Every structure is written in C-alpha cells, then in structure tokens.
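Observations on the three-dimensional arrangement
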Amino acid sequence: VQLVESGGGLVQPGGSLRLSCVASGFTFSRYNMLWHRQAPGKGRELVASITSSGGGTNYADAVKGRFTISRDNAKKTVYLQMNSLKSEDTAKYYCYAFIGKAYWGQGTQVTVSS
C-alpha cells in the first residue's frame, strides 16, 4: 500500500489549493479515504472523509463550507480542494486509509501566510 500526496505550498490568506493523493497497492474503489492534518505543536486531526463510492462525505467543523473532498476511482486518487484558506489551516496534510491496519502518506505541507 502506498499513498502519495502532492499539491501543498505557500498561499496567502483567502487563497486556494488543491491537494491530491495517489493510491496504489490495494483496490482503491473499495475503501473510504480520509485527509488529516497536523499543525506544529498539535496532534493530528481529521479534516475530511469520503466513502468508497464517493457518495458520502464528512468534514471537520473548522473546514465545513471551505474544503471539498472528492475522488476519482479510475485514477485511484483522492482530492482535497481548499478554498478561503486561513492561517490556522497551516499544517502538514496527510492522506489516510484503513486496510486491515492504518496507512498514511508522507504528507504535504500547506502554509497560509501573507
């Protein structure tokens, strides 16, 4: 199992970024996928989740209305569209899947700063 994130970077407050996570080594379309984040000095927190078909999504209260999780099962990729970014969104963002055990990507850094 491998999860590889990309798309992070430095963005000004109010800006947007789109994160991608490409999966391999398992039947992607059968599993729910999640995005977590970890800010400096804080614990890892769940940001958003999406069901295997993409028909169901959930979001942390802090990102509702600003972030959108989606997936393309043909491309084995899950996305996180982040709009109206705030400084408090600064964190390393991780892709996660539970396939008998927890699997994490290496993370991609998002920094929101003017």
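Provided above is the structure to which this section pertains.
Just so we're clear, the structure is a prediction, and the values are computed from it rather than from any experiment. (Residues numbered from 1 in each chain as written. Predicted model: local features only at pLDDT ≥ 70, side-chain atom pairs only at ≥ 80, totals over all residues. Heavy atoms only, no water.)

Observations regarding the nonpolar core
Our working rule: In these notes, a set of buried Ala, Val, Leu, Ile, Met, Phe, Trp, Tyr and Cys residues joined through side-chain atoms within 4.5 Å is what counts as a nonpolar core. Buried, partly exposed and exposed residues are distinguished by accessible area as a fraction of the type maximum, computed with a 1.4 Å probe on protein chains only: under 20%, between the cut-offs, and over 50%, respectively. The secondary structure listing takes helices from DSSP runs of H or I that are at least 4 residues long and strands from runs of E that are at least 2 residues long, numbered from the N terminus. Any two residues whose heavy atoms approach within 4.5 Å at even a single point are treated as in contact.
In this structure, Met33, Trp35, Val78, Leu80, Met82 and Tyr93 are the most contacted members of the largest nonpolar core, which totals 27 residues. Listed by contribution, the elements that provide at least two residues to this core are strand E3 (17-24), strand E4 (33-38), strand E5 (44-50), strand E7 (67-72), strand E8 (77-82), strand E9 (91-98) and strand E11 (108-112). If we skip the residues at most four places from it in the chain, Met33 touches Leu3, Phe26, Phe28, Ala48, Ser49, Ile50, Ile69, Arg71, Val78, Cys95, Tyr96 and Ala97.

Examining the sheet that holds E3
Convention followed: Two strands are said to pair when DSSP picks up at least two bridges between them. The angle between two axes is taken between their N-to-C directions and runs from 0 to 180 degrees, where each axis is a line fitted to C-alpha atoms and a helix contributes only its stretch in contact.
The strand order across the open sheet formed by four strands is E1-E3-E8-E7, and the pairing between neighbours is antiparallel. For this open sheet the edge positions go to strand E1 (2-6) and E7, each flanked by a neighbour on one side alone. Across the sheet, the axes of successive neighbouring strands diverge by a mean angle of 15°, strand direction being ignored.

Points about the pairing of E8
Most of E8 is tucked away: five of the six residues are buried. As defined by bridge partners, E3 adjoins E8 across six bridges and the pair is classed as antiparallel. Across the sheet, the residue bridging to Ser20 is Tyr79, located in E8. Two strands pair when backbone bridges link them, and E7 and E8 are joined in this way by six bridges, in the antiparallel orientation. Pairing of Ile69 across the sheet is with Leu80, part of E8. Counting the residues that bridge the hairpin from E7 to E8 gives four residues, and of these Lys76 lies at a positive phi of roughly 55°.

As for the environment of Val63
If you trace the backbone, Val63 turns up in the loop between strand E6 (57-59) and E7. Judged by relative accessible area, Val63 falls into the buried class, the value being 1%. The spatial distance from the C-alpha of Val63 to the C-alpha of Asn83 is 9.3 Å, given a sequence separation of 20 residues. Look past the residues within four positions of Val63 in its chain and what remains in contact with it is Arg37 and Val47.

Comments concerning the pairing of E5
Bridge count for E4 against E5 is six bridges, and the pairing is antiparallel. Considered in E5, the bridge of Leu34 is made with Ser49. Counting the residues between successive antiparallel strands, the hairpin from E4 to E5 contains five residues, one of them, Gly41, with a positive phi of roughly 75°. Relative to E6, E5 runs antiparallel, the two sharing three bridges. When the sheet's bridge partners are listed, Ile50 is paired in E6 with Thr57. Linkage of E5 to E6, two consecutive antiparallel strands, is achieved through a turn of six residues, within which Gly54 is found at a positive phi near 90°.

Notes on the state of the cysteines
Basically, it comes down to this: Cysteine sulfur atoms are paired as a disulfide whenever they fall within 2.5 Å.
Following the criterion strictly, the structure yields one disulfide and no others. Each sulfur in the disulfide pair Cys21 and Cys95 lies 2.1 Å from the other. The disulfide joining Cys21 to Cys95 has a torsion of about -85° about its S-S bond and is therefore left-handed. Of this pair, Cys21 sits in strand E3 while Cys95 sits in strand E9; the two residues are 74 residues apart in sequence, bridging distant segments of the chain. Taking the relative accessible area as the measure of exposure, Cys21 reaches 0% and is therefore buried.

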